[in-house]
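# Examination of the molecular architecture
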Protein chains: 2
Amino acid sequence: MKKNPATLSDIARKLNISISTVSRALHDHPAISQSTKSRVIKLAEKLNYQPNMLALSLLNKKTNTIGIIVPEITSYFFSSIINGVQDLVNDAGYRLIISQSEESFEKEKEILDTLSKVRVDGFLVSPTSETHNAHHFNKLIESGTPLVIFDRDCTGFNADKVLVDDYDGAFQAVEYLIKTGCRRIAHITGPSKLSISRHRLHGYLDALKKYDIPKVDDLIIPVEGFTPEFGVEAAKAMMEFPELPDAIFAINDGIAIGAMYVIKEAGIQIPNQVSVIGFDDEPHSSYFIPPLTSVWQPVYDMGLLSARILLSKLKGKKSSEARYEMLKPELIVRASSREL
Amino acid sequence: MKKNPATLSDIARKLNISISTVSRALHDHPAISQSTKSRVIKLAEKLNYQPNMLALSLLNKKTNTIGIIVPEITSYFFSSIINGVQDLVNDAGYRLIISQSEESFEKEKEILDTLSKVRVDGFLVSPTSETHNAHHFNKLIESGTPLVIFDRDCTGFNADKVLVDDYDGAFQAVEYLIKTGCRRIAHITGPSKLSISRHRLHGYLDALKKYDIPKVDDLIIPVEGFTPEFGVEAAKAMMEFPELPDAIFAINDGIAIGAMYVIKEAGIQIPNQVSVIGFDDEPHSSYFIPPLTSVWQPVYDMGLLSARILLSKLKGKKSSEARYEMLKPELIVRASSREL
DNA sequence: CTGTTAGCGCCTTCAC
DNA sequence: GTGAAGGCGCTAACAG
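Remember, it's a predicted structure, so these values are computed and weren't measured experimentally. (Residues numbered from 1 in each chain as written. Chains lettered and ligands numbered in written order. Predicted model: local features only at pLDDT ≥ 70, side-chain atom pairs only at ≥ 80, totals over all residues.)

Chain A puts 48 residues into the contact, and the matching count from chain B is 48 residues. Elements with a minimum of two residues in the side of chain A that touches chain B: helix H4 (53-60), helix H5 (76-91), strand S2 (95-100), helix H6 (105-117) and helix H11 (253-265) of chain A. Examining the composition of the side of chain A that touches chain B, we find that six residues originate from one element, H5(A), more than from any other. Counted by class, the side of chain A that touches chain B contains 20 nonpolar, 19 polar and nine charged residues. (Contact = placed C-beta atoms within 7 Å. Helix = DSSP H or I, 4+ residues; strand = E, 2+ residues; numbered from the N terminus. Nonpolar A, V, L, I, M, F, W, Y, C, P; charged D, E, K, R; others polar.)

The next subject is the sheet that holds strand S9 (residues 275-280) of chain B. Sheet strands pair by backbone hydrogen bonding; their relative direction is either parallel or antiparallel. All names here are of chain B. Pairing in this open sheet of six strands is mixed, and the strands run S7-S6-S8-S9-S10-S12 from one edge to the other. The open sheet has two edge strands with one neighbour each: strand S7 (220-222) and strand S12 (330-332). Strand after strand, the sheet turns through a mean of 20° between neighbouring axes, direction not considered. Seen against the sheet, helix H8 (residues 166-179) touches strand S6 (185-189), strand S8 (247-250), S9, strand S10 (293-296) and S12 and runs at an angle of roughly 170° to S8. Helix H9 (residues 195-210) rests against S6, S8 and S9 of the sheet, and its axis sits at about 175° to S6. (Pairing = 2+ DSSP bridges. Axes fitted to C-alpha atoms, helices over the stretch in contact; angles between N-to-C directions.)

A few words now on the protein's contact with DNA strand C. Near DNA strand C, the surroundings consist of 23 residues, among which A:Ser20, A:Thr21, B:Thr7, B:Asn52 and B:Ala55 are the closest. Looking at the surface near DNA strand C, the elements with two or more residues in it are helix H2 (19-26) and H4 of chain A together with helix H2 (19-26) and helix H4 (53-60) of chain B. Top element by residues in the surface near DNA strand C is H4(B). It accounts for four residues. (Near = placed C-beta within 6 Å.)

Okay, the domain arrangement of chain A next. Parsing chain A into structural domains produces domain 1 (8-51), domain 2 (64-164 + 299-327) and domain 3 (166-297). Taking only C-alpha atoms into account, the centre of domain 1 of chain A sits 66 Å from that of domain 3 of chain A. (Domains from an automatic or database assignment.)

Moving on, we get to the relation of the copies chain A and chain B. It takes a turn of 180° to lay chain A on chain B, together with a shift of 0.1 Å along the axis; the resulting RMSD is 0.1 Å. What we have between these two chains is a two-fold relation. Comparing interface residues between copies, 100% of those in chain A also sit at the interface in chain B, which points to an isologous, same-surface contact. (Least-squares fit on C-alpha atoms with pLDDT ≥ 70 in both.)

This part is about the protein's contact with DNA strand D. Around DNA strand D, the structure places 22 residues, and the nearest of them are A:Thr7, A:Leu8, A:Ala55, B:Ser18 and B:Thr21. For the surface near DNA strand D, the secondary structure elements donating two or more residues are H2 and H4 of chain A together with H2 and H4 of chain B. With four residues, H4(A) is the single largest residue contributor to the surface near DNA strand D. Here the residues of the surface near DNA strand D are counted per class, giving twelve nonpolar, ten polar and no charged.

Take a look at the structure:
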């Protein structure tokens, strides 16, 4: 049942002409007679001829494919970035191969490996939380395959990067809380190995410092994931505190939502008794009651920009300086925090 | 800067041996002396040799790649299916190319086209809402490329399919509402061209019929999307009704959440005055207040099963009967609906 | 206007 | 043990 796809030589044989003539006819080469052209085209259609990209790629040393590696695709955050990339890259005639590293360094290396075996032209990667050296990235770059890092920084690795200013986002959020009268501000942090967690924590601390609010260690609650369950866990711990915080700045919306749930169930008023702010501004977040204040990130644009940089490398721009782009997040104030 | 990747002939030349010897050495062929083997392997590593999959695929007429086409990846629903597929397929040594049709028939055809040009070995597709004929699918199958349809049916097209019993899910939901005393049950439907919308509507209607509850046309509110905004819109319309419904069965969680928001803002009690049930059981849904009752679907398993069927086709199972698998959803009762 | 040749990187007979 | 030749499907010189 597995008929082999039609090839140029199939067409050539049936028409008693040479393969090159067929090739030229299909490419509308000027030096081919109309009659042969139409005969070829007709037969090609009948046979459902599809040019074999494998052969072409082999010949041209170019697959027109780029690989993107993200920790996971189920989150709104990464899937939106992918959308940005996808849109730009498709318009430029490239295909996208999406892979998930699942926060595993080994898996990341493995993916890089297999994708370079299939000769993708370039890479877009958001490193895992376990990625602390860049040998694998460097090997790729040295071999001439461009690679751009996005969202998560991989410090000590000099390459094109498109990041979001997590420090600034966190600072904005916490400053807002302070300005609206909060003083006992808790922070639920994400996995400590992640650059974004560190930067957001840093922003939180600096905002406190700016307003001379002493840092209270107990108010910094580490969790190791991003789902609402972790927010629930953190909030429950918080409920045991002798004195409740008057605000919570969570590492992301998932956590914030879990925390809000516990707080509201306990009969505590948001934002009167405690304000809550998240990060990511997921689509659902504005439909909670109260709607969640959150730090919005330019996800789609981050995808767009990363792709644009990669494509420009692909289009020849050899050894231009590594680009380092820092996108600005924006605080979206809703009713889970007090008014100014 | 673009060094060409090392090839077998690079190694052969530097070692003054033939290409075939190199190839055999790398494959640990028994008829190659240990000394050449180790020399070859060492040089290969030094040169960072990576077998060129393009050449291999061209030779073997097999890419070990499968293509999956979904309407979009930003939803939890589709991205979870993809995870199921990914896990199975990777273990079997296949790569996955993920593409989004964006509910466009044209785009779907286009993707099918380019992916078949790159010679993917098989397809997994969830058709767009615009897909009403299966010429493009059939052409592929006739040419010997296996394809399995999942989640959304494409009626009149006989092929392997893995679906969820949407009718049954809706029926369960509505029957539950009736058993808990609701009589004026509204249904917010999705895009009418989608099989899932029709099946869920059908389940809704049949449940009413079973309990002799007359169908009220006004209570069936059509919307053309799946995001909370559409739920808001529908609920606002509902608020204008002379008599409010005592329950809402929404086509999915997104819509349900938008509707809940409007209802609660209007000071109406959930579930005392109106019960709400969604569909999909998204991760966030249990953190709303009240937590949303929803119809859970075996998303991951759907991915797993679809992939399993495709792989079995790939492994030779020629013309076995088309498989038609109907997975069962399950009602997850939470506090947005009354107790039995 | 059309055909021939060579080669992209690799594997597999078939020789020696 | 190892080498040479052929071919996967296609294009780009180079001939006519």
